[in-house]
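Each chain, written out:
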Amino acid sequence: MTISLNETPPITPPLWLLAEITYQCPLHCPYCSNPINMEETFNELPTEQWESVLTQAREMGAVQLGFSGGEPLLRKDLERLVAYARKLGFYTNLITSGIGMTEKRIAKLKAAGLDHIQLSFQAANAEANDLIGNKRHSFEQKMKIAKLVKKYDYPMVLNFCITAQNIHEIEEVMDLSTRLNADFVELATVQYYGWAYENRDHLLPTKDQLTQAERVINSYRDKQDGRGPKFIFVAPDYYEQRPKACMNGWGTTFLTVTPDGSALPCHSAKILPLTFPNVKQRSLHDIWHHDFSFNHFRGDSWMPSPCKTCDEKDKDFGGCRCQAYMLTGDMYKTDPVCSKSPDHHIMKSITDKAGTVGTGNLKYRQVERQIKVDVIDD
Ligand code: SF4
Ligand code: SF4
């Protein structure tokens, strides 16, 4: 969808709701995009409040719903929320590491009407997978769940996070996906937010590694001859000349609600120096249409030079606000990924370091305390 920008754009409905129902997770991936400060983890919305969020989002026109986290399976009310969402008419997607899934649960989720499961792997073999997730036997569990996904007649959608540590094993990843009879496989190079940003210098592949990976992927695709999984390779934008059209434009399409009820135009926006509203205090409609933070980067009146007069501004909307903030300290600046940005040299100083840092000091994602959530277990 392309949106023509102007000073006061019409407000379109949020079509995609991302419900981050918990930040708790049994794994500890150093590339996790969850916030470093997971204060929300300790103050999760109860079941009825999530139901109200789903009702309001659907009334506003949302059609796609992602249950995410953290690990959404840690919420005992997941099946109830799925059933509720399905009854409202959402297309429901579960984004999961598979840890916490059992045959009994997958059967219950199927009965509740879950449409789609996206299963993530850390690597293509047990040793690397369990090391990256920092949990023993997690690979074994994922293999079991992958088979259950097929057994319960879901499309098999796998997600592999690609980093400097596993990019050389991309063919092994593709072989595993073929053996598992996957339908779609995302070979997604890490995007540098949250914990991944903290660990960026360790995780970022070199340009040569990316070129080699692309070569392997293309030759694998040629050999497939139209059969087997469809592989989608997502490269990091750090090496690009134009930024990504982040969130299809701020406050146009995507709405995220975090475990504590904060409403965000994108899942990492909380790092920005803006105050975001909470669904406990205000209706979603009020938030989406009238909140200062949601209106802040709509249209182009906020744009700096060179975006302001750029003939590509309706393609990428000036890039990612979080990336601009993380890399320059100023959320109003042009995303430095863009070669027209006066800060583009920052990208070179980062990519020049790729492959030189090693893995010694990787920070694994962790949460200090355990949660207490008022969920209904049925
Ligand atoms: S990236 Fe890893 S740690 Fe983060 S939510 Fe997913 S499985 Fe859990
Ligand atoms: S100058 Fe701004 S609008 Fe133009 S291409 Fe770069 S980021 Fe996009």
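Residues numbered from 1 in each chain as written. Chains lettered and ligands numbered in written order. Predicted model: local features only at pLDDT ≥ 70, side-chain atom pairs only at ≥ 80, totals over all residues.

A. Main features of the sheet that holds strand β4 (residues 116-121). On the basis of which strands lie adjacent, the open sheet formed by nine strands has the order β7-β6-β5-β4-β3-β2-β1-β8-β9 and mixed pairing. Looking along the sheet, the strands with just one partner apiece sit at the ends: β7 (230-234) and β9 (263-264). Two strands pair when backbone bridges link them, and strand β5 (residues 156-162) and strand β6 (residues 184-189) are joined in this way by six bridges, in the parallel orientation. Across the sheet, the residue bridging to I162 is T189, located in β6. (Pairing = 2+ DSSP bridges. Helix = DSSP H or I, 4+ residues; strand = E, 2+ residues; numbered from the N terminus.)

B. Up close: the site of ligand 1. Close to ligand 1 lie C25, L27, H28, C29, C32, N34, G69, G70, E71, S97, S120 and R365, which account for all nearby residues. Each residue belonging to the shell around ligand 1 can be placed in one class, and the counts come to four nonpolar, six polar and two charged. (Near = placed C-beta within 6 Å. Nonpolar A, V, L, I, M, F, W, Y, C, P; charged D, E, K, R; others polar.)

C. Focus on the nonpolar core. Counting residues in hydrophobic clusters, the biggest one holds 93 residues, and the most contacted among them are A19, Y31, F67, F160 and A196. If we skip the residues at most four places from it in the chain, A19 touches W50, L65, G66, F67, S68 and V257. (Core = buried A, V, L, I, M, F, W, Y, C linked by C-beta atoms within 7 Å. Buried ≥ 20, exposed ≤ 12 C-beta atoms within 10 Å, placed from the backbone. Contact = placed C-beta atoms within 7 Å.)

D. The arrangement of the pairing of β4 in detail. Sheet topology note: the strand β3 (residues 91-96)/β4 ladder contains four bridges and is parallel. Looking at β4, one finds that N93 is bridged to H116. Taken together, β3, helix α3 (residues 103-112) and β4 form a β-α-β motif whose crossover is right-handed. (Right-handed = clockwise from strand over helix to strand, strands pointing away.)

E. Representation of the environment of L54 in the model. Considering the arrangement of structural elements, one finds L54 in helix α1 (residues 47-59). Looking at L54, the number of C-beta atoms within 10 Å reads 23, which means it is buried. The spacing of L54 and E169 is 115 residues in sequence and 40 Å in space, taken between C-alpha atoms. Not counting chain neighbours up to four residues away, the residues in contact with L54 comprise Y84, A85 and L88.

F. The packing of helix α4 (residues 126-133) against helix α5 (residues 138-151), seen in detail. At a minimum axis distance of 8 Å, the contact between α4 and α5 shows a crossing angle of 110 degrees. Taken together, the axis directions place α4 and α5 in an arrangement best described as roughly perpendicular. Of the residues in α5, those touching α4 at A126, N129, D130 and G133 are S138, F139 and E140. (Axes fitted to C-alpha atoms, helices over the stretch in contact; angles between N-to-C directions. Parallel < 35°, antiparallel > 145°, perpendicular 65-115°, else oblique.)

G. Structural context of helix α9 (residues 207-224). The terminal C-alpha atoms of α9, which comprises 18 residues, lie 26 Å apart, in line with the 26 Å expected from a rise of 1.5 Å per residue. Backbone geometry just after α9 places D225 at a positive phi near 50 degrees. (Expected span 1.5 Å × (residues − 1).)

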